[in-house]
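Summary of structural features
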Amino acid sequence: MTISQNRVFALVWRIVGLVVGVVGSAFMFTNSMGAMMLVYFTMQTNLFILALFLVLIVMTAVQIASEGKRGEVAHLNCSFQLALTFYITITFVVYWALLSWQNFQMSGLASGAALNAANYIVHGIVPIFAIVDWILFLPHGRTPRSASFTWLIYPAIYAVFIFVRAEVGAPMYGTTRYPYPFIDVDIIGAWVAAVIPVMAAAFYGLGRLYVFVDEKIAFRRFRSVPAYERVSA
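Going along each chain's sequence as written, the residues are numbered from 1 onward. With pLDDT at 70 or above as the cut-off, local features in this predicted model cover only qualifying residues; side-chain atom pairs require 80 or more to be listed or tallied, and sums for whole chains, interfaces and linings still use all residues. Here the side-chain values reflect all heavy atoms present in the structure, with hydrogen atoms and water set aside.

For the rest of this paragraph, the subject is the overall build of the chain. Helix numbers and strand numbers start at the N terminus; a helix is a DSSP run of H or I with at least 4 residues, a strand a run of E with at least 2. Along the chain, the regular secondary structure elements total nine helices and zero strands. Listing the helices and strands of the chain from first to last along the sequence gives α-α-α-α-α-α-α-α-α. With the principal axes as the frame, the chain shows a C-alpha extent of 65 × 35 × 30 Å. In this scheme, a residue with accessible area under 20% of its type's maximum is buried, one over 50% is exposed, and one in between is partly exposed, where area comes from a 1.4 Å probe on protein chains only. Burial status across the chain gives 45% buried among its 233 residues. Note on contacts: a residue pair qualifies if any of its non-hydrogen atoms lie within 4.5 Å across the two residues. Taking as baseline every contact in the chain between residues at least 6 positions apart, the subset at least 24 positions apart corresponds to 78%.

Turning to the pattern of salt bridges, a few remarks are in order. A side-chain nitrogen of Lys or Arg and a carboxyl oxygen of Asp or Glu constitute a salt bridge if their distance falls within 4 Å. What the rule picks out here adds up to six salt bridges. The partner of Glu215 in a salt bridge is Arg145, with the nearest N and O atoms 3.0 Å apart. A residue pair is termed long-range when its members are at least 10 positions apart, and Glu215 in helix α8 (residues 192–224) and Arg145 in the loop between α4 (113–137) and α5 (147–150) qualify at 70 residues. Via salt bridges that share partners, Glu167, Arg177 and Asp186 belong to a single interconnected network.

Turning our eyes to something else, we now look at the layout of surface pockets. Buried and open spaces are told apart on a 1 Å grid over the protein atoms alone, a cavity being a set of points where a 1.4 Å probe fits but cannot get out and a pocket being an open set with protein on both sides within 12 Å along at least five of seven lines. Residues with an atom within 4 Å of a point are the lining residues. Grid points are joined across faces, edges and corners, and a volume is the space filled by probe spheres set on the points. The space that makes up the second largest pocket amounts to roughly 400 Å³. Lining the second largest pocket we find 21 residues, and of these Pro155, Tyr158, Ala159, Met199 and Phe203 sit closest to its centre. Only Asp, Glu, Lys and Arg are considered charged in this grouping, and only Ala, Val, Leu, Ile, Met, Phe, Trp, Tyr, Cys and Pro are considered nonpolar; every other residue, Gly among them, is considered polar. Considering only residue class, the lining of the second largest pocket consists of 18 nonpolar, three polar and no charged.

Here we come to the confidence of the model for the chain. pLDDT runs from 0 to 100 and stands for how confident the predictor is about each residue. Mean pLDDT over the chain: 91, with 92% of residues reaching 70 or higher. Here helix α9 (residues 227–232) stands out as the least confident element of the chain, with mean pLDDT 42; helix α2 (residues 41–67) is the most confident, with 98. Long-range and interchain partners of residues 226–233, a stretch whose pLDDT sits below 50, account for three contacts in this model, where long-range means more than four residues apart.

All right, on to α2 then. Given the number of residues in a helix, its expected span is that number minus one, multiplied by 1.5 Å. Taking 1.5 Å per residue as the helical rise, α2 with its 27 residues ought to reach 39 Å, and the 37 Å between its terminal C-alpha atoms agrees with that figure. Count one or two residues on from α2 and you reach Gly68, which has phi positive near 105°.

Let us look at helix α1 (residues 7–30). Here α1 is 24 residues long and its end C-alpha atoms lie 34 Å apart, about the 34 Å a rise of 1.5 Å per residue gives. Distance and chemistry together define a polar contact, namely a pair of N or O atoms within 3.5 Å, with one atom able to donate a hydrogen and the other to accept it when in protein, and with adjacent residues in sequence counting only for side-chain atoms on both sides. Of the residues that open α1, the one with a side-chain oxygen 3.1 Å from the backbone nitrogen of Val8 is Asn6.

Stacked, edge-to-face and tilted are the three classes for Phe, Tyr and Trp ring pairs, Trp counted by its six-membered ring, which pair at centre distances within 6.5 Å; planes under 30 degrees apart are stacked, over 60 edge-to-face, the rest tilted. Tallied over the full model, the rule gives 17 aromatic pairs. These aromatic residues form a ring-pair network of at least three members: Phe41, Phe48, Phe86, Tyr87, Trp151, Tyr154, Tyr158 and Phe161.

Like charges are joined within 9 Å and nonpolar side chains (Val, Leu, Ile, Met, Phe, Trp, Tyr) within 5 Å, but only among residues with over 30% relative accessible area and no salt bridge; these make up the patches. Accessible areas in this description were obtained via Shrake-Rupley with a 1.4 Å probe; residue shielding takes into account the shown protein chains only. A cluster of nonpolar side chains, contributed by Val8, Val12 and Val16, occupies part of the molecular surface with about 200 Å² of accessible area. Among the secondary structure elements, Val16 is positioned in helix α1. Judged by its relative accessible area of 38%, Val16 falls in the partly exposed class.

See below:
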């Protein structure tokens, strides 16, 4: 019996992920800009994962009580759950590739050690918890390839929201109207028209990569099952 079928380990993993994520997000909200933090893609995707883990914790606990400690671990619809993992992965990749080396702070404020720790939690630790949960506990090979295109709907809606909010809403802090410098029209001007399609293509590529890896993991697990068990299944 593999770790991917250990429901107790899955429950503990999800509880720890939820607790760590709640601590990081709560600190960001209470020690930064309050509700304005919801403008950030980072905080939205973190809340998605925290809600996901909360639901999965309840499902896994009920599953253990009713079906035992071993077997397929509780999960949501595979394409939907992987979509949430994909979104938090965007948070992870964009932060570490484009923002971390600029000493980027979401609130625009100087940060102390505690706020730095919370920043690393929401940009690094929570995404890792979600990705590992997908690898270990979500059934693989059940997500259609077309999902990588469907998953772009939320980032597209977010982009529209950002530009509309910048025009009709109050500045986030100081005179800053946009949450991220790479889509800040006040900083890069018309270049934003080139940035958006490039990022959309990158996100689509990331989604296709996820589906590809998902299929490969499913194939490897299938190959690892003895032939007689495949037939009996």
